[in-house]
Amino acid sequence: MDLNFTAEEEAFRAEVREFLADKLDPRVADKVRNGQRLSRTDMNGWHSVLAERGWLASHWPESWGGPGWGPIKGFIFENECALAHSPRIVPFGVNMLGPVLIKFGNEAQKQHWLPRILDGSDWWCQGYSEPGAGSDLAGVKTSAVRGSDAQGEHYIVNGQKTWTTLGQHANMIFCLVRTNREAKKQQGISFLLIDMNTPGVEIRPILTLDGEHEVNEVFFTDVRVPIENLVGEEDKGWTCAKYLLTYERTNIAGVGFSIAGLQQLKRVAASQIRDGRPLIQDPSFAARLARVEIDLENMKTTNLRVLAAVAGGGVPGAESSMLKIRGTEIRQEIWSLLRRAMGPHARPFMEEALSGGYDGPTVGPREAASAASRYFNNRKLSIFGGSNEIQKNIIAKMILGL
């Protein structure tokens, strides 16, 4: 693989930069840069801008609204967006459910749901984790019992999901549900699409220590779901679940986010003074900075190889687990070093400074207000999407045959 970008790819990079300079709201970019909280309007606005340009679903086929990019252009686009501090694309519809529907959905499901993902008619959230089923996702207990009445065939769903990210904004949720309690754990699971406005669906916020409402609990009590909302075959939803997780794990690796974070870290370390010289010249700090930069360069190459394999018709398997492990460790190290670089300025907690539009006094550099919050929030990266310990088991089994 030639790791140098071609003239055509460099021209595309310039096109992306011009687009970002023209279309990305500076107010929103400033919030992203400083770790401030984004509103539903901020996230939806960027979704709409990308959809209008045809650049929202970079990895979808052109026949379903994708831009027809290869893996290199997709890589360039994601990196440039991160460096420009654009909001991330909310992944649940575009990056997770979309590929599952394209692969396993029937024609009617594709025709109905895919356009609604692109135009923002539906905001999706993910119903995977449960209080007793997180890393061991095959242990889900939320049940779906099949029945029929005058209105047609349906499932009655009962149970609970947790850690449902941005579920407070969603009108739809894709869920793993247990449809067969007699089968082996992975063989009795189905993949259902559920309207959040259906009677019996209740959502309760989970507030994190910094006061952020990012995650939720979702409860299902006798929720009626049409049989048409089953994706793939009944009791074989684990196939859909694994396919979705490969995309989620590759996305969690967050190469672009790490590149932008490293750039910010270098800038802060160059401006902070320790013992009369810039922190970036401190031997201990510089050594950790060099180590994480080397690891990131290695991961960039691996990420490009995985994307190239996918473009050739493959499906990321153990490679996505590798990316997930290294990507999350790198992102966590960057935020750890950034917090260290802020020193005592990162210690005070000023929740009001995490909200957009705050123009009051700050302690130290502007980024200091979110340094601790970002550090602690990003500890979850190595847990969700399948904990890193689980990913190591997958690699051991798929590659080493253990």
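Up top is the structure these notes are about.
Reading the values: the criteria
- Residues numbered from 1 in each chain as written.
- Predicted model: local features only at pLDDT ≥ 70, side-chain atom pairs only at ≥ 80, totals over all residues.
- Heavy atoms only, no water.
- Phe/Tyr/Trp six-rings, centres within 6.5 Å; stacked < 30°, edge-to-face > 60°.
- Helix = DSSP H or I, 4+ residues; strand = E, 2+ residues; numbered from the N terminus.
- Buried < 20%, exposed > 50% of the residue type's maximum accessible area, 1.4 Å probe, protein only.
- Lys NZ or Arg CZ within 6 Å of the ring centre and 35° of its normal.
- 1 Å grid on protein atoms, 1.4 Å probe; cavity = no way out; pocket = protein on both sides within 12 Å on 5 of 7 lines; lining within 4 Å.
- Points joined across faces, edges and corners; volume = space filled by probe spheres on them.
- Nonpolar A, V, L, I, M, F, W, Y, C, P; charged D, E, K, R; others polar.

To continue, consider the packing of aromatic side chains. For the structure on display, the rule yields 13 aromatic pairs. Ring geometry for Y128 versus F174: centroids 6.1 Å apart, planes at 90°, classification edge-to-face. Placement of the pair is Y128 in the loop between β1 (124-127) and β2 (143-149) and F174 in strand β4 (residues 172-178), with a sequence separation of 46 residues. By relative accessible area, which is 0% here, F174 ends up buried. Between R53 and the ring centre of W55, over which it is positioned, the NZ or CZ distance is 4.2 Å. Sitting over the face of the ring of Y375, R339 holds its NZ or CZ atom 3.9 Å from the ring centroid.

What follows deals with empty space enclosed by the protein. This structure, assessed with the given rule, holds 2 cavities of 30 Å³ or more. Taken as a whole, the largest cavity spans an internal volume of roughly 50 Å³. As for the largest cavity, its lining consists of N34, Q36, A353, L354, Y358, T362, R366, A369 and S370. Per-class residue counts for the lining of the largest cavity are 4 nonpolar, 4 polar and 1 charged. Taken as a whole, the second largest cavity holds about 40 Å³ of empty space. Taken together, the residues of the lining of the second largest cavity break down into 5 nonpolar, 2 polar and no charged.

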